[in-house]
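So you can see what is in the structure, the chains are spelled out below.
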Amino acid sequence: MKPVILDVDTGLDDACALLLAARHPELDLKAVTCVGGNVGIDDVVRNTLTVLDAAGRPDVPVARGAAVPLIQPVRSARHVHGEDGLGDLDWPRSTRSTDPRHAVELLRDVLRDAAATGELITLIPLAPLTNIALLLRTYPEAARGLREIVFMGGAAGIGNATAAAEFNIWTDPEAAAIALTAAKDLGIPVTMYGLDVFYDVVVTLDQARALSGSPSAELACKLIEKRSERYQSDGGSIGDGGAVCAVIDPSGLTTLEYPVRIELSGSWSRGRTIVDTRGASDVANDPQGPAATIRVATAVDGKRYAELWLATVS
Ligand code: BDR
Ligand code: CA
């Protein structure tokens with residue numbers, strides 16, 4: 001089994017990712033850490049616990065993390081995910097408590113154990129990178145417990161929060177810059193599962209409505225219905241769930257290695273991931289020096305990942 005940790009701002013599509021990670025037989029979900037993003041941290045925590053309950057995984061520790069970005073004020077995406085962040089479904093809320101540790105401390109502890117046993121962890125951030133930046137700056141030794149980071153965020157092409165920037169990066173650009181720089185310095189392999197592939201793993205309404213027989217399947221159906229309502233189509237993307245598919249089945253994702261920087265200023269481009277697709281000699285002679293070189297997802301086998309998700313959540 002592959003040990004993983006999800007860092008989430010649940011979120012309809014984080015919920016799709018949680019159901020998959022909690023139920024897939026080849027993943028060992030060690031912990032889930034929460035960060036303010038799509039909605040405030042209290043809603044994120046409650047939604048996360050609720051989804052794990054539906055998945056039949058009340059054993060997974062969940063920790064509350066950063067409530068606000070490092071520098072800029074919090075900005076939510078309730079227009080995408082509903083007032084409560086989970087589509088305002090009439091779904092029973094979890095009464096379970098969180099782990100007493102802060103998310104950064106839980107990450108540090110789980111990663112320290114992983115380094116000791118050699119069972120290295122794949123960290124899957126699906127939210128603003130605030131917790132991850134804090135972790136790698138405060139406890140850089142945590143990198144010894146990491147196999148790799150596969151994060152949802154950014155884009156080589158257009159953004160969604162703004163024309164230039166994707167929501168997770170735009171919400172906390174400083175955190176994203178710190179996380180990428182720290183990963184480079186600490187030698188952590190990174191994959192960016194960005195908007196270039198994010199919308200391409202689509203579950204149709206017919207497929208979703210065929211799911212039944214368990215709380216997980218029923219919640220999965222409702223999540224897709226909400227996603228399809230939002231995008232006014234006859235299906236919905238599993239969004240963040242695709243990044244978890246990429247960890248389970250990496251050969252369904254096409255990636256290319258590029259240097260990537262985070263735009264921290266700019267009139268209209270703050271939070272953009274600048275993916276450097278120039279040739280090697282231009283990159284080597286860049287007067288700004290080397291950027292973090294990471295794997296950037298450029299294409300995905302959407303049908304295969306949708307089937308993987310459907311088979312697992314049902
Ligand atoms: C990302 O932002 C959030 O709204 C989603 O949960 C996803 O992580 C897409 O830009
Ligand atoms: Ca998310």
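Structural data are supplied above this passage.
Residues numbered from 1 in each chain as written. Chains lettered and ligands numbered in written order. Predicted model: local features only at pLDDT ≥ 70, side-chain atom pairs only at ≥ 80, totals over all residues. Heavy atoms only, no water.

> A description of the packing of helix α1 (residues 12–23) against helix α11 (residues 241–248) should follow, citing residues and the corresponding values.
Between α1 and α11, the least distance of the axes is 7 Å, while the angle of their chain directions is 30 degrees. Considered as vectors, α1 and α11 are oriented roughly parallel to each other. Here α1 contributes Asp-13, Cys-16, Ala-17, Leu-20 and Ala-21 to the contact with α11, which in turn contributes Gly-241, Val-244, Cys-245 and Ile-248. Of the residues that constitute the contact of α1 with α11, the class distribution is 7 nonpolar, 1 polar and 1 charged. (Axes fitted to C-alpha atoms, helices over the stretch in contact; angles between N-to-C directions. Helix = DSSP H or I, 4+ residues; strand = E, 2+ residues; numbered from the N terminus. Parallel < 35°, antiparallel > 145°, perpendicular 65-115°, else oblique. Contact = heavy atoms within 4.5 Å. Nonpolar A, V, L, I, M, F, W, Y, C, P; charged D, E, K, R; others polar.)

> Quick rundown of the pairing of strand β11 (residues 292–300)? Include the residues and the values.
Looking at chain direction, strand β6 (residues 190–193) and β11 are connected through 2 bridges and run parallel. The residue bridging Met-192 from the neighbouring strand is Val-296, located in β11. Pairing of strand β9 (residues 253–262) with β11 involves 8 bridges; the strand directions are antiparallel. Looking across to β11, one finds that Val-260 is bridged to Ala-292. (Pairing = 2+ DSSP bridges.)

> Run through the coordination of the calcium ion (ligand 2), naming residues and quoting values.
Taken together, Asp-9 (OD), Asp-14 (OD), Asp-14 (OD), Leu-126 (O) and Asp-240 (OD) make up the full set of protein donors to the calcium ion (ligand 2), lying 2.3 to 2.6 Å away. We note that the donor set of the calcium ion (ligand 2) lies within a single chain, spaced as D-x4-D-x111-L-x113-D. Asp-9 gets classed as buried once you look at its relative accessible area, which sits at 1%. Looking at Asp-14, the relative accessible area reads 0%, which means it is buried. (Donors = N, O, S within 2.8 Å, 3.2 Å for Na, K, Ca; no water. Buried < 20%, exposed > 50% of the residue type's maximum accessible area, 1.4 Å probe, protein only.)

> Kindly report on the site of ligand 1, identifying the contributing residues and their values.
Near ligand 1, the surroundings consist of Asp-13, Asp-14, Asn-38, His-81, Leu-126, Met-152, Asn-160, Glu-166, Phe-167, Asn-168, Phe-198 and Asp-240. For ligand 1, an oxygen atom lies 2.6 Å from a polar atom in the side chain of Asn-38. Computed on the free molecule, ligand 1 has an accessible area of 280 Å², of which 95% lies beneath the protein chains in the complex. Residue composition of the shell around ligand 1, by class: 4 nonpolar, 4 polar and 4 charged. (Near = heavy atom within 4 Å. Polar contact = N/O pair within 3.5 Å; in protein donor to acceptor, adjacent residues only side chain to side chain. Areas by Shrake-Rupley, 256 points an atom, 1.4 Å probe, with all protein chains shown as cover.)

> Give me the lowdown on the sheet that holds strand β10 (residues 273–275), citing residues and values where you can.
Think of a sheet as strands paired side by side through backbone hydrogen bonds, with each pair either parallel or antiparallel. Taken in spatial order, the 9 strands of this open sheet run β3-β2-β1-β4-β5-β6-β11-β9-β10, and their pairing is mixed. Pairing within the sheet leaves two strands with one partner each, and these edge strands are β3 (62–64) and β10. With direction set aside, neighbouring strand axes in the sheet form an average angle of 30 degrees. Relative to β10, β9 runs antiparallel, the two being bridged by 3 bridges. Residue Arg-261 lies in a different strand from β10, and its bridge partner there is Ile-274.

> Lay out the nonpolar core in plain terms, naming residues and giving numbers.
Grouped together as the largest cluster of nonpolar side chains are 65 residues, with contacts concentrated most on Leu-6, Leu-29, Tyr-193, Val-244 and Trp-309. For this core, the element with the most residues is α1, which contributes 9 residues. Ignoring anything within four residues of it in the chain, the contact list for Leu-6 reads Ala-17, Leu-18, Ala-21, Leu-29, Ala-31, Val-32, Thr-33, Ile-124, Leu-126 and Val-244. Formed by 41 residues, the second largest nonpolar core is a distinct cluster that contains Leu-111, Ala-114, Ala-177 and Leu-180. (Core = buried A, V, L, I, M, F, W, Y, C linked by side-chain atoms within 4.5 Å.)

> Explain the pairing of strand β2 (residues 27–34) to me, and be specific about the residues and the numbers.
In summary, the side chains of a regular strand alternate between the two faces of the sheet. Counting buried residues along β2, 6 of its 8 residues qualify, which places the element largely inside the surrounding structure. One ladder, built from 7 bridges, connects strand β1 (residues 2–8) with β2; its direction is parallel. When the sheet's bridge partners are listed, Val-8 is paired in β2 with Cys-34. Handedness of the crossover joining β1 and β2 through α1: right-handed. Relative to β3, β2 is paired through 3 bridges, and the arrangement is parallel. If you follow Val-32 over to β3, its bridge partner there is Val-62. Handedness of the crossover joining β2 and β3 through helix α2 (residues 41–54): right-handed. (Right-handed = clockwise from strand over helix to strand, strands pointing away.)

> Break down the side chain of Thr-50 for me, with residues and values.
As for its placement among the helices and strands, Thr-50 is situated in helix α2. Given a relative accessible area of 1%, Thr-50 falls into the buried group. Ignoring any residue separated from it by four or fewer positions in sequence, one finds Thr-50 in contact with Leu-86, Trp-91, Pro-92, Arg-93 and Ser-94.

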